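# Structural characterization, general
Chain by chain, the residues run as shown.
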Amino acid sequence: MQRRFERKLIRACLPFFLLIACVAPAAQTGPVVQVDSVLTWHHPAPWFGGFSGVEVNADGTRLTAVSDRGRVVQARMLREAGRLVALEVEENAPLKGADRKPLRDKMRDAEALARDGSGQLYVSFEHDHHVARLSPESGVTTPLPRHDDFAKFEPNAGMETLAAHPDGRLFATPEGGGPGSGDFPLYAFDGNSWTITAEIPRRGPFLPVDADFAEDGTLYLLERTITPLGFRSRIRRFNLTAPGLGEETLLTSGPGQYDNLEALSTWQDAAGQTRLTLLSDDNFFVMQRNEVVELILAKPGSEG
């Protein structure tokens, strides 16, 4: 229902999107983050698009992405002097259940991707709200145990974020705010069961769409809202051990400045810089694009 609403809103606001695309404002980034590259990822296959989860490898040369139409894609990241200039699809597979049969219809709606320290990938799903282990080569998914709350999530406002902590735990947050609404519950999976470990403060109209942990345990949260003038994105970071979670806003984009950014991966380059790689979900709509945005965070003490 919510995705149909998004598409209707996009079509209704199309004239505004076109106007904003011509006069988009400069990036509203503070001194702690800079935009390193923005490009559109093209591929001719009909299944290509709708990316909502991403993981970049340790040296930034390869990424794995999942789409909300049930596809896992592996691609090479081409760089010049460290800057991302293109992506080339290398492998892809339809997402499958534990019985190795392709997932169908709403059951294939993958929304986020996470990789733990051992290299194991995990994927989260909406509609059939759960998290599963993922084999990127075969596309086979193996469900993990569920929290009782998962069954109460709205059909298209469930497991939008998924992140693997350096200590091995998985963390997930629903887009809709959970059964009680208000702030966003942060669920943690310790290998056996899920528990709510914190609540992410709700700030304005933005909703969580993806998250990732840096090597030091900092949580980076990508959020999105839809306006008549286009999509807006926000990135906040949190220290889960600090009072008030050490909340800090790194970026808030203007309407239409970027496309429908829904996927986030954080990694560290050879220069020791923390990078955030973002992907957009084009909803398979001709007036949107599969946009890739890469940001660089300033090192502590270098701001300003």
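In the block above lies the structure referred to throughout.
Let us look at the structure shown here. These numbers come from a predicted model, not from an experiment.

Parameters at a glance
Residues numbered from 1 in each chain as written. Predicted model: local features only at pLDDT ≥ 70, side-chain atom pairs only at ≥ 80, totals over all residues. Heavy atoms only, no water. Helix = DSSP H or I, 4+ residues; strand = E, 2+ residues; numbered from the N terminus. Buried < 20%, exposed > 50% of the residue type's maximum accessible area, 1.4 Å probe, protein only. Contact = heavy atoms within 4.5 Å. Salt bridge = Lys/Arg side-chain N within 4 Å of Asp/Glu carboxyl O. Pairing = 2+ DSSP bridges. Axes fitted to C-alpha atoms, helices over the stretch in contact; angles between N-to-C directions. Phe/Tyr/Trp six-rings, centres within 6.5 Å; stacked < 30°, edge-to-face > 60°. Lys NZ or Arg CZ within 6 Å of the ring centre and 35° of its normal.

## Some remarks on the overall build of the chain
Counting its secondary structure elements, the chain contains two helices and 20 strands. In the chain, which comprises 304 residues, the share counted as buried stands at 54%. In the chain, the share of contacts with a sequence separation of at least 24, taken over all contacts with a separation of at least 6, comes to 52%.

## Observations concerning the pattern of salt bridges
All chains considered together, the criterion is met by 21 salt bridges. Where R115 meets E55, a salt bridge forms, and the shortest distance between an N and an O atom there is 3.9 Å. A residue pair is termed long-range when its members are at least 10 positions apart, and R115 in strand 6 (residues 110–115) and E55 in strand 2 (residues 51–56) qualify at 60 residues. Using a relative accessible area of 26% as the deciding quantity, one classes R115 as partly exposed. Judged by relative accessible area, which is 5%, E55 ranks as buried. Here R289 makes a salt bridge to D259, at a shortest N to O gap of 3.4 Å. Highlighted residues: R289 in the loop between strand 19 (274–280) and strand 20 (291–297) and D259 in the loop between strand 17 (248–252) and strand 18 (261–268), separated in sequence by 30 residues.

## A closer look at the sheet that holds strand 5 (residues 83–94)
One open sheet holds the four strands; their spatial order is 2-3-4-5, and the pairing between them is antiparallel. The two strands at the open ends of the sheet, each matched to only one other strand, are strand 2 and strand 5. Recorded for the sheet is a direction-independent mean angle of 25 degrees between the axes of neighbouring strands. Here strand 3 (residues 62–67) runs beside strand 4 (residues 71–80); their pairing, made up of five bridges, is antiparallel. When the sheet's bridge partners are listed, T64 is paired in strand 4 with Q74.

## Section: the packing of aromatic side chains
A complete count under the given rule lists ten aromatic pairs for this structure. With centroids separated by 5.5 Å and ring planes inclined at 65 degrees, the aromatic side chains of F150 and W194 adopt a geometry described as edge-to-face. Of this pair, F150 sits in the loop between strand 9 (141–143) and strand 10 (159–164) while W194 sits in strand 13 (residues 194–200), and the two are 44 residues apart along the sequence. An angle of 70 degrees between the planes, with centres 6.1 Å apart, marks the rings of F153 and Y187 as edge-to-face. Separated by 34 residues along the polypeptide, F153 in the loop between strand 9 and strand 10 and Y187 in strand 12 (residues 184–189) bring together distant segments of the chain. An aromatic cluster of three or more residues is present, and its members are F150, F153, Y187, F189 and W194. The positively charged end of R69 is found above the aromatic ring belonging to F284, 3.8 Å away from the centroid.

## Digging into unusual backbone geometry
Here R100, not a glycine, exhibits a phi torsion of approximately 70 degrees, which is positive. For R100, the position within the fold is in the loop between strand 5 and strand 6. Judged by relative accessible area, which is 54%, R100 ranks as exposed. Of note, the phi angle at L245 is positive, near 65 degrees, even though the residue is not glycine. Within the secondary structure, L245 sits in the loop between strand 16 (230–238) and strand 17. Judged by relative accessible area, which is 11%, L245 ranks as buried.

## Brief notes about the sheet that holds strand 15 (residues 219–227)
Spatially, the four strands line up as an open sheet ordered 14-15-16-17, and their pairing is antiparallel. Strands at the two margins of the open sheet, each flanked by one partner only, are strand 14 (207–213) and strand 17. The mean angle between the axes of side-by-side strands here comes to 20 degrees, regardless of whether they run parallel or antiparallel. Summarising the sheet, strand 15 and strand 16 pair through nine bridges and their orientation is antiparallel. Residue pairing across strands places L221 opposite R236, the latter belonging to strand 16.

In short, the description is geometric, and any link to function would need to be established separately.
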